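The lines below spell out each chain.
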Amino acid sequence: MQRIFAKTLFKNKVVIVTGGGTGIGMATAKGIVELSGKVVIAGRDKARIDEGVEKIKTHCAEGAEVLGLQCNIRKRGEVSNMLTDTIDKFGRLDGLVNNGGGQFWSPAENISPGGFHAVVDTNLKGSWNCMQEAYHQYMGENGGKIVNIVLMSEMGLAGMSHSAAAREAVKNLSITLGAEWAGNNIQINCVAPGIFPSETAVAAYGEQSKEIFDKSAANVPKKRLGELYEGANLSEGTLSLDLIPQILFNLTDAVQYTTGWKETLDSRTKLVL
Ligand SMILES: CCCCCCCCC/C=C/C(=O)SCCNC(=O)CCNC(=O)[C@H](O)C(C)(C)COP(=O)(O)OP(=O)(O)OC[C@H]1O[C@@H](n2cnc3c(N)ncnc32)[C@H](O)[C@@H]1OP(=O)(O)O
Ligand SMILES: NC(=O)C1=CN([C@@H]2O[C@H](COP(=O)(O)OP(=O)(O)OC[C@H]3O[C@@H](n4cnc5c(N)ncnc54)[C@H](OP(=O)(O)O)[C@@H]3O)[C@@H](O)[C@H]2O)C=CC1
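The model shown is predicted, which means the values in this text are computed figures rather than measured ones. (Residues numbered from 1 in each chain as written. Chains lettered and ligands numbered in written order. Predicted model: local features only at pLDDT ≥ 70, side-chain atom pairs only at ≥ 80, totals over all residues. Heavy atoms only, no water.)

A few points about the overall build of the chain
Within the chain one finds 9 helices and 6 strands. A sequence separation of at least 24 residues applies to 72% of the contacts in the chain between residues at least 6 apart. Split by element, the accessible area of the chain, about 12,900 Å² in all, is 54% carbon and sulfur. (Helix = DSSP H or I, 4+ residues; strand = E, 2+ residues; numbered from the N terminus. Contact = heavy atoms within 4.5 Å. Areas by Shrake-Rupley, 256 points an atom, 1.4 Å probe, with all protein chains shown as cover.)

Looking at the pattern of salt bridges
On inspection of all chains with the given rule, the structure shows 9 salt bridges. Of the charged contacts in the structure, one is a salt bridge between K46 and D50, with a shortest N-O distance of 2.5 Å. You can see K46 and its partner D50 sitting in helix α2 (residues 46–59), 4 residues apart, about one turn around the helix. Among the salt bridges present, the one from D121 reaches R74, with a minimum N-O distance of 2.9 Å. Note that D121 is positioned in helix α4 (residues 113–142) and R74 in the loop between β3 (66–70) and α3 (76–90), a separation of 47 residues in sequence. Taking relative accessible area as the criterion, R74 reaches 26% and is therefore assigned partly exposed. One continuous salt-bridge network, built from bridges that share partners, spans R74, D121 and K125. (Salt bridge = Lys/Arg side-chain N within 4 Å of Asp/Glu carboxyl O. Buried < 20%, exposed > 50% of the residue type's maximum accessible area, 1.4 Å probe, protein only.)

Digging into the site of ligand 2
Contacts to ligand 2 come from 29 residues, most closely from T22, R44, R48, R167 and T200. In the environment of ligand 2, an oxygen atom lies 3.1 Å from a nitrogen or oxygen atom belonging to the backbone of D45. In this structure, N72 approaches ligand 2 through a side-chain N or O atom, which is 2.9 Å from a nitrogen atom. Coverage of ligand 2 by the protein chains reaches 91% of its 850 Å² of free accessible surface. Broken down by secondary-structure element, the contributors of at least two residues to the shell around ligand 2 are α1 (23–34) and α6 (199–204). Within the shell around ligand 2, the residues separate by chemical class into 10 nonpolar, 14 polar and 5 charged. (Near = heavy atom within 4 Å. Polar contact = N/O pair within 3.5 Å; in protein donor to acceptor, adjacent residues only side chain to side chain. Nonpolar A, V, L, I, M, F, W, Y, C, P; charged D, E, K, R; others polar.)

Let's talk about the sheet that holds strand β4 (residues 95–98)
The pairing of strands in a sheet comes from backbone hydrogen bonds and takes either a parallel or an antiparallel form. If you trace the 6 strands from one edge of the open sheet to the other, you get β3-β2-β1-β4-β5-β6, paired in parallel fashion. Among the strands making up the open sheet, the edge pair consists of β3 and β6 (186–191). Geometrically, the sheet is characterised by an average inter-axis angle of 15° between neighbouring strands, direction not taken into account. Here 4 bridges tie β4 to strand β5 (residues 144–149), and the two strands are oriented parallel to one another. The partner of N98 across the bridge, within β5, is N148. Across the sheet, α4 lies against β1 (14–18), β4, β5 and β6, angled at about 175° from β4, the strand it touches most. Along the sheet face, helix α5 (residues 161–180) touches β5 and β6 and points at about 160° away from the line of β6. (Pairing = 2+ DSSP bridges. Axes fitted to C-alpha atoms, helices over the stretch in contact; angles between N-to-C directions.)

So, α2
If you check α2, its first and last C-alpha atoms are 20 Å apart, about what 14 residues at 1.5 Å a residue would give, namely 20 Å. When α2 is considered as a whole, its buried residues turn out to be I49, G52, V53 and I56. Along the axis of α2, the buried positions cluster into a sector of 105°, meaning they face one direction only. Exposed side chains of α2 directed beyond 90 degrees from the buried face belong to A47 and T58. Buried-residue contacts for α2 involve α1, β2 (38–43) and β3. (Expected span 1.5 Å × (residues − 1). Arc of directions from axis to C-beta.)

Details of the confidence of the model for the chain
Detailed reading of the predicted coordinates is not advisable wherever pLDDT falls low. Overall, the prediction assigns the chain a mean pLDDT of 82, with 80% of residues at 70 or greater. Counting interchain partners and residues more than four positions distant, the pLDDT-below-50 stretch residues 229–242 has 28 contacts. Confidence drops under pLDDT 50 across residues 250–273; counting only partners more than four residues distant or on other chains, this segment forms 30 contacts. Model confidence for the complex: the whole-complex pTM is 0.90, and ipTM, which rates the interface, is 0.96. (pLDDT = per-residue confidence, 0-100.)

Examining the packing of aromatic side chains
Per the stated rule, a full pass over the model turns up 1 aromatic pair. The interplanar angle of 25° and the centroid separation of 4.5 Å between the aromatic rings of Y135 and W181 together place this pair among those described as stacked. Here the residue Y135 occupies a position in helix α4, and W181 occupies one in the loop between α5 and β6, the gap between them amounting to 46 residues. When its relative accessible area of 8% is taken as the criterion, W181 is described as buried. (Phe/Tyr/Trp six-rings, centres within 6.5 Å; stacked < 30°, edge-to-face > 60°.)

Listed below in structure tokens is the structure:
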């Protein structure tokens, strides 16, 4: 697939992609490596991560530098080790993609206390853990780019009350930390990928999958869902997963300045400082 970016876009850049062993994270990691970046993929299941490392190495040009780490983003100690191991190995950290996360589908009334806690802990606290550790261990001194993968849930998301609440909190956290850390040259953006029937996403919803993904296709103007293949034909309106890496290193500034964040950032940064 002919990518639309220069092959050396991420030369000498190091990016952590949580949940990078599968689905959207894997596609993002491949995009970064194909554009000459070094990538760290992390997840709870080490065997799946090791498999992911091999997939990325096989897929990309030889010499791809990929590090696979076991990390449950809900556990602060494991997140701290993920950052330490990354910096020990590569000596820097340019980007963090908080892709690791997810949820189960359930009517709100049926969600147990443990279920609500697990989903919020994963998506909100997990993203927080990774951002704060990245700040403390590298980005606070050196700057960096953070992309948080969220849901299109600003109008709520029936069946996903726990995850929608957590993701909206992540969006708000991204704005606050974007203002507080602007002075450290850290840019934070969120990407809501729309619906991608990735293998693991489909598996996550079991027999409900067909209904969930078919129904959501009906709500999409193009009447079809995004596909997780190597890049995408932008003219067909499918999200190219290239956008996530690109936002990491280029569009971010444009997004902030076009959305008037500049003024907000300045005013809030002054306030915070
Ligand atoms: C109209 C169209 C619009 C279209 C709109 C379509 C929206 C789709 C878009 C989004 C798609 C995606 O995100 S795709 C991403 C798919 N991938 C994932 O979700 C993977 C990550 N998710 C997970 O690992 C799990 O879901 C999660 C619960 C978050 C964490 O897993 P854990 O192993 O930590 O959880 P466990 O220890 O097993 O359980 C913790 C608690 O959660 C409860 N729990 C776990 N799974 C449960 C389940 N399926 N149903 C009920 N409860 C569950 C358990 O009972 C426990 O509660 P107690 O018993 O009370 O203790
Ligand atoms: N597919 C879709 O339609 C959409 C997906 N998203 C979001 O995009 C992200 C990727 O989803 P997708 O690729 O589709 O599905 P996947 O299930 O493949 O991705 C989830 C990834 O996150 C990892 N993960 C889950 N919980 C943790 C944890 N506690 N610590 C570390 N890693 C964790 C999983 O690895 P492991 O189990 O090994 O930990 C897995 O690799 C998710 O956050 C998802 O919610 C958002 C909107 C739509």
